[in-house]
Amino acid sequence: PDFKCAGALGGLSSTQKKGTFVSEVEVGEAGTSQWQVGALDKNTTMAFYFDVPGNVAPNSQGYLQLQTYYSHPSGQKRLRVTTISHRYASPNMANIANGFDQEAAAVLTARQAVYHGHGQEVIDRMLIKLVSKFADYRKDRADTFKLSEEFAAFPQFM
C-alpha cells in the first residue's frame, strides 16, 4: 500500500521538492519529500508524518526508506539508506492502543501545537479526538469516564 508524506517537525526545513509521494495533508514542514538539516547527531530528533489511504488491509506489511546525504568530517559526501518495516493496524484500534507511547505522543503533540502557534487549542482538540476513540464513558456522566492504562497518563502530560 502506498502512503504519502504529510510533513515533518524538528530541526529541519522543507526544500519544497514536490512529487508523487507528497500528501495534500500538511503537518509541520510540508509540501515536500525532502528536507535540509543544519546539523545531525545522535541526539537529533525529528518526527515524520504520513497520510495513509483508507483502503489499507489490516496487518499488511509496509516499508519506508529514508535516504540521508551528509558530509563526513573528511569532507567526503556520503549516502546512508535506512529501510523501516511496519505493519498496518486494524480498524478496531486495539493494535494502536497496545503500541501507544504516551511520552512520545505528548512530545509530538506539543511540537505540533508550538509549530502551528495555536498552543492549548490544538492540544485540546487532540485530546478530545483521543478520548472519543479510546475512552469508556457514558454521555453526560463524568463519573463513568475511564481511559485504559495505555492512555491514562497522556492527558496529564498535556
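Quick notes on the rules
- Residues numbered from 1 in each chain as written.
- Predicted model: local features only at pLDDT ≥ 70, side-chain atom pairs only at ≥ 80, totals over all residues.
- Heavy atoms only, no water.
- Salt bridge = Lys/Arg side-chain N within 4 Å of Asp/Glu carboxyl O.
- Buried < 20%, exposed > 50% of the residue type's maximum accessible area, 1.4 Å probe, protein only.
- Helix = DSSP H or I, 4+ residues; strand = E, 2+ residues; numbered from the N terminus.
- Contact = heavy atoms within 4.5 Å.
- Patch = residues over 30% accessible without salt bridge, like charges linked within 9 Å, V, L, I, M, F, W, Y side chains within 5 Å.
- Areas by Shrake-Rupley, 256 points an atom, 1.4 Å probe, with all protein chains shown as cover.
- Polar contact = N/O pair within 3.5 Å; in protein donor to acceptor, adjacent residues only side chain to side chain.
- Pairing = 2+ DSSP bridges.
- Axes fitted to C-alpha atoms, helices over the stretch in contact; angles between N-to-C directions.

> Could you clarify how one ought to interpret the pattern of salt bridges in this entry?
Pairing between side chains becomes possible if they bear opposite charge and their charged atoms approach one another. Considering all chains together, one arrives at 1 salt bridge under this definition. The partner of R141 in a salt bridge is D143, and the shortest N-O contact between them spans 3.2 Å. Assessed through its relative accessible area of 38%, R141 is described here as partly exposed.

> Is there a simple way to think about the side chain of Q112 in this case?
Along the chain, the position of Q112 falls in helix α2 (residues 102-116). In this view, Q112 contacts L9, V27, Y49 and M126; residues no more than four positions away in its chain are not counted.

> Can you walk me through unusual backbone geometry in this structure?
The general pattern is negative phi for most residues beyond glycine and trans for most peptide bonds. Notably, Q16 is not glycine yet its phi reads approximately 60°, a positive angle. Mapped onto the fold, Q16 is located in the loop between β2 (12-14) and β3 (22-28). For D140, which is not glycine, the phi dihedral falls at a positive 65°. Along the polypeptide, D140 turns up in the loop between β8 (135-138) and β9 (141-147). You can call D140 exposed: its relative accessible area is 73%.

> Is there a simple way to explain the environment of Q67 in this structure?
Among the secondary structure elements, Q67 is positioned in strand β6 (residues 61-71). On a C-alpha basis, the gap between Q67 and Q34 in space is 9.4 Å, while along the polypeptide they are 33 residues apart.

> Please clarify how a nonpolar patch on the surface should be interpreted in this entry.
A grouping of F48, F50 and V52 is seen on the molecular surface, where their side chains present a nonpolar patch of about 220 Å² in accessible area. Relative to the assigned elements, F50 resides in strand β5 (residues 46-51). Owing to a relative accessible area of 32%, F50 belongs among the partly exposed residues under this scheme.

> What is the right way to look at the environment of D41 in this model?
Within the secondary structure, D41 sits in the loop between β4 (35-37) and β5. One polar contact links the side chain of D41 to the main-chain amide nitrogen of N43, over a distance of 2.8 Å.

> Just to check I follow, could you spell out the sheet that holds strand β1 (residues 4-10) for this structure?
The pairing of strands in a sheet happens through backbone hydrogen bonds and is either parallel or antiparallel. Overall, mixed pairing links the 3 strands, which are arranged β3-β1-β5 in an open sheet. Each edge of the sheet is formed by a strand with only one pairing partner; in this case those strands are β3 and β5. Direction aside, neighbouring strands of the sheet carry axes that sit 20° apart on average. Note: β1 against β3, 2 bridges, orientation parallel. The residue of β3 that forms the bridge with C5 is V22. Packed onto the sheet, α2 meets β1, β3 and β5 and runs at close to 85° relative to β5.

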